[in-house]
Amino acid sequence: MFLRLALSTLVLQETDASDSKVLTCAAVWRMPKELEPGSHESPDDSSSPAHTLELLCHLDDTAHGSVACVVWEPTGDGRRVISLADSHILLWDLQESSSQAVLAGSASLEGKGQLKFTAGRWSPHHTCTQVATANDTTIRGWDTRSMSQIYCIENAHGQLVRDLDFNPNKQYYLASCGDDCKVKFWDTRNVTEPVKTLEEHSHWVWSVRYNHSHDQLVLTGSSDSRVILSNMVSISSEPFGHLVDDDDLSDQEERRPEEKSQEPPQDSVIATYEEHEDSVYAVDWSSADPWLFASLSYDGRLVINRVPRALKYHILL
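Since the structure is predicted, the reported quantities are computational estimates derived from the model, not experimental observations.

Rules and cut-offs
Residues numbered from 1 in each chain as written. Predicted model: local features only at pLDDT ≥ 70, side-chain atom pairs only at ≥ 80, totals over all residues. Heavy atoms only, no water. Helix = DSSP H or I, 4+ residues; strand = E, 2+ residues; numbered from the N terminus. Buried < 20%, exposed > 50% of the residue type's maximum accessible area, 1.4 Å probe, protein only. Contact = heavy atoms within 4.5 Å. Polar contact = N/O pair within 3.5 Å; in protein donor to acceptor, adjacent residues only side chain to side chain. Pairing = 2+ DSSP bridges. Axes fitted to C-alpha atoms, helices over the stretch in contact; angles between N-to-C directions.

### Some remarks on the environment of His125
- With respect to the secondary-structure elements, His125 resides in the loop between β8 (119–122) and β9 (130–135).
- Given the relative accessible area of 13%, His125 is considered buried.
- The residues touching His125, leaving out its near neighbours within four places in the chain, are Asn167, Pro168, Asn169, Lys170 and Gln171.
- Separated by 2.7 Å, the side chain of His125 and the backbone oxygen of Asn167 make a polar contact.

### Quick look at the sheet that holds strand β12 (residues 161–166)
- Ordered by their spatial adjacency, 4 strands build an open sheet running β12-β13-β14-β15, and the pairing between neighbours is antiparallel. Bordering the open sheet on either side are β12 and β15 (196–198), each of which pairs with just one other strand. Taking each pair of neighbouring strands and ignoring which way they run, the sheet shows an average axis angle of 20°.
- Sheet analysis places β12 next to strand β13 (residues 173–178), joined by 5 bridges and oriented antiparallel. When the sheet's bridge partners are listed, Asp163 is paired in β13 with Cys177.

### Side note on the sheet that holds strand β17 (residues 217–222)
- Taken in spatial order, the 4 strands make up an open sheet running β16-β17-β18-β19, and their pairing is antiparallel. Unpaired on one side and paired on the other, β16 (205–210) and β19 (268–273) mark the two borders of the sheet. Averaged over all neighbouring strand pairs, the angle between strand axes comes to 20°, with direction disregarded.
- Bridge analysis of β16 against β17 gives 5 bridges, and the strand direction is antiparallel. Note on β17: the bridge partner recorded for Tyr210 is Val218.

Okay, here's the thing in structure tokens:
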């Protein structure tokens, strides 16, 4: 059965109307069977009736504060969920039979001031036992088995950290972005310095995403209204691309001396997309087509683009 998460805004009216408080909450909804993969009904069929989602349960009763982020476990049966509520990281186990979410573990930020989480990402590696979170300028790693901290990158960015993403092919590599206009790449085994830093944006960077199949392709979206597609080949799982052996060449295709000494490809910006007229808050790759990606801006504009064909064939061939 399909489960999906939804974030909703709940307005709690206090005794004094002037003290109204807005809290962000999370809920789990079930999609109709007709929309599940393999069903005979097409979801874009204009003749089909509108479907109704079934509310299964709420993930929090607001006791822990506003929910900043909700993340599904990347693999497995889809019953484990992490939510970040103010200074709390909460691990939920979804009990499908009873339509309940059981709190399986939790941890809290410790320190001075009112610490709050801003972003989180569940690692697809290490048998899904690690989660990365961001609060203020700090990035932390957590072990979901003990809900204990396993690494900490203090002052990862000069200003607020906005988003995180794990490299799908390299288990220790993590990307982050923030209000210092930078995108940084980290090796969680040695967090003293980033392995790479990008400074292509001129304002806050809200979103960073690795391509699901080709991890040298990285998307970023920013308040400068731009989406940037970068080729981070030097820190990818295939840093030198596909090399053709001399034995594979025919006599007519014999290489020239200068071609044999060709340097490996360098990190570079592939393309900058400027279709948006306002801050780009989210970018993401298609789960079905590795060459397709989307971006969403504050003004409600959704833009879909493709990786340039020349780069696509260069990667594949």
